[in-house]
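Per-entry structural report
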Amino acid sequence: MKVVCLGAHILDVLGRPVTDIPAGQGRRVLDEIRLTAAGTAGGTAVDLAKLGADVTSVGAVGDDSAGRLLRALLTDHGVDASGLAVRPDGATPSTILPIRPDGSRPALHAPGVMATLTADDVDLDLVAHADVLHVGGPDVLGGFATSDLPGILRHAVAHGTTVSMDLLSVGRPGLLEELGALWEHVDWFLPNDDQLRALTGRHDLEDAAGELRALGVGGVVATCGADGALLVGEVTERVGALSVDVVDTTGCGDAFCAGYLVGLDRGLVPVGAALWGTAAAALVAGGLGSDAGIVDLDTTLAFLAEHGGRGVPV
């Protein structure tokens, strides 16, 4: 499967466990600190590559040490980072994540050049020859999302490329309308439950997903943390989460997207693909960082089978 991951590519700096931020010049000793390639495009790209996909990253990074490290991390995981636009004198999007003992985390984020992507940075031939165009974080890409991205999605659809999309932020008033030109071109929208509620203003997830489908989205898959996932397409189904000891929830949504898209490519029906997504997300939750846990597709499916995922529908 050839995938283009377009959008937010972020260098994450994570530390755990963080119970508090010491006052003044205080100091805490942590068990672990890691630097990872992350973001709703970058993190998903890494997980897709681990699961066997041929992945190219498209996004904006700075010509700085963080950007060089981010590109190296992507390349080390098998992602083609040549599609990243490098901005001279620009800062690479970066986030500091203090991970609490329960796996939750606040985010201290510097967006850098994230919103500087332009149509000239996107190779349309690459999009046309991809099986999937995964758009990660149109909500943080600035004017690109409204001026350039609709045409790119139309180009993808015209050439038979499946379009999937996820959000980075929780959402803001008016975002649904702001991204209005995108919805009819999206085959699969993959937000989390909080994002879906904030986007539509609807508390009931089925109603919220129905509103997106009325705008033209093919199917909505909302991840719900420990409650699994809700799929709303031709039929509505729920998939339970796998029970694991949570270390860090960073990147679980990205991992779900990767597992789900690979499952669809392998011919699974959506609920079966969602089970692959939950397995990938559970593996990531068991380690520090958005690239934790997942080794390859075989070990991911073995993990799913060990945790009650036998009899996956196809």
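Whatever comes next refers back to the structure up there.
Summarised in this report is the structure supplied together with it. (Residues numbered from 1 in each chain as written. Predicted model: local features only at pLDDT ≥ 70, side-chain atom pairs only at ≥ 80, totals over all residues. Heavy atoms only, no water.)

Our next topic: the overall build of the protein chain. What the protein chain contains, in helices and strands, is eleven helices and 13 strands. Relative to a compact globule of 314 residues, whose C-alpha radius of gyration would be 20 Å, the protein chain shows 18 Å and is just as compact. Structurally, the protein chain occupies a C-alpha span of about 55 × 50 × 35 Å along its principal axes. A separation threshold of at least 6 residues defines the contact pool for the protein chain, and within that pool the share at least 24 residues apart is 71%. Total accessible area on the protein chain is roughly 12,800 Å²; 51% of this is exposed by carbon and sulfur atoms. Each charge sign in the protein chain was given a centre, from 19 positive and 41 negative side chains, and these centres are 5 Å apart. (Helix = DSSP H or I, 4+ residues; strand = E, 2+ residues; numbered from the N terminus. Rg over C-alpha atoms; globule rule 2.2 N^0.38 Å. Contact = heavy atoms within 4.5 Å. Areas by Shrake-Rupley, 256 points an atom, 1.4 Å probe, with all protein chains shown as cover. Lys, Arg positive; Asp, Glu negative; His and termini not counted. Charge placed at Lys NZ, Arg CZ, Asp CG, Glu CD.)

So, on to the layout of surface pockets. Volume-wise, the largest pocket comes out at about 1,200 Å³. Taken together, 46 residues form the lining of the largest pocket, with Arg-105, Asn-192, Thr-249, Cys-252 and Gly-253 sitting closest to its centre. Elements supplying a minimum of two residues to the lining of the largest pocket: strand E2 (10-16), strand E6 (94-98), helix H7 (193-200), helix H9 (252-265) and helix H10 (270-285). Top element by residues in the lining of the largest pocket is H9. It accounts for five residues. Counted by class, the lining of the largest pocket contains 23 nonpolar, 17 polar and six charged residues. (1 Å grid on protein atoms, 1.4 Å probe; cavity = no way out; pocket = protein on both sides within 12 Å on 5 of 7 lines; lining within 4 Å. Points joined across faces, edges and corners; volume = space filled by probe spheres on them. Nonpolar A, V, L, I, M, F, W, Y, C, P; charged D, E, K, R; others polar.)

Attention shifts here to the nonpolar core. Side chains that are nonpolar tend, in soluble globular proteins, to be buried together. Core analysis: the biggest nonpolar cluster contains 53 residues, and Leu-48, Val-55, Leu-74, Val-221, Phe-256 and Tyr-260 have the highest contact counts within it. Elements represented by at least two residues in this core include exactly strand E1 (2-7), helix H1 (42-50), strand E4 (54-62), helix H2 (65-76), strand E12 (229-232), H9, H10 and helix H11 (297-306). Top contributing element to this core by residue count: H10, with twelve residues. Residues contacting Tyr-260, with those up to four places away along its chain left out, are Trp-188, Leu-190, Val-221, Leu-231, Pro-270, Ala-273, Ala-274 and Gly-277. (Core = buried A, V, L, I, M, F, W, Y, C linked by side-chain atoms within 4.5 Å. Buried < 20%, exposed > 50% of the residue type's maximum accessible area, 1.4 Å probe, protein only.)

This paragraph deals with the sheet that holds strand E10 (residues 188-189). If you trace the nine strands from one edge of the open sheet to the other, you get E5-E4-E1-E8-E9-E10-E11-E12-E13, paired in mixed fashion. Single-partner strands in this sheet number two, and they are strand E5 (84-87) and strand E13 (236-239). Helix-sheet contacts for H2 involve E4 and E5, and the interaxial angle to E4 is about 175°. (Pairing = 2+ DSSP bridges. Axes fitted to C-alpha atoms, helices over the stretch in contact; angles between N-to-C directions.)

By the definition in use, this model includes three aromatic pairs. Ring centres of Trp-183 and Phe-189 lie 5.1 Å apart, and the angle between their planes is 70°; this geometry places the pair in the edge-to-face category. A relative accessible area of 0% places Phe-189 in the buried class. Ring centres of Phe-256 and Tyr-260 lie 6.0 Å apart, and the angle between their planes is 10°; this geometry places the pair in the stacked category. Placement of both Phe-256 and Tyr-260 in helix H9 is noted, with a separation of four residues, approximately one turn of the helix. For the residue pair Phe-256 and Tyr-260, the accessibility class agrees, reading buried in each case. Following the ring pairs from residue to residue traces out a cluster consisting of Trp-188, Phe-256 and Tyr-260. (Phe/Tyr/Trp six-rings, centres within 6.5 Å; stacked < 30°, edge-to-face > 60°.)

To continue, consider the pattern of salt bridges. For the structure on display, the rule yields nine salt bridges. The salt bridge partner of Arg-28 is Asp-20, with a shortest N-O separation of 2.8 Å. For Arg-28, a relative accessible area of 45% puts it in the partly exposed group. Accessibility expressed as a relative area gives 30% for Asp-20, which makes it partly exposed. With a shortest N-O distance of 2.5 Å, Glu-211 and Arg-202 are connected by a salt bridge. The class of Arg-202 is partly exposed, set by a relative accessible area of 39%. (Salt bridge = Lys/Arg side-chain N within 4 Å of Asp/Glu carboxyl O.)

Turning our attention to the environment of Arg-197. By the element assignment, Arg-197 lies in helix H7. Excluding anything up to four places from it in sequence, Arg-197 contacts Arg-202, His-203 and Leu-205.

Quick look at unusual backbone geometry now. Cis geometry marks the peptide bond from Arg-16 to Pro-17; its omega dihedral reads -10°. Within the chain, Asp-89 stands out as a residue other than glycine whose phi angle is a positive 65°. Its location among the elements puts Asp-89 in the loop between E5 and E6. Overall, the relative accessible area of 81% leaves Asp-89 in the exposed class.

In this fold, His-185 is placed in the loop between helix H6 (175-178) and E10. Of the residues examined, His-185 reaches a relative accessible area of 12% and is grouped as buried. The residues touching His-185, leaving out its near neighbours within four places in the chain, are Pro-150, Leu-153, Arg-154, Val-157 and Val-163.

For the rest of this paragraph, the subject is the pairing of E4. The element E4 is largely enclosed, with a buried count of eight among its nine residues. Of the pairings in the sheet, the one linking E1 to E4 comprises five bridges and is parallel in character. In the sheet register, Val-4 faces E4, and the bridge partner there is Thr-56.

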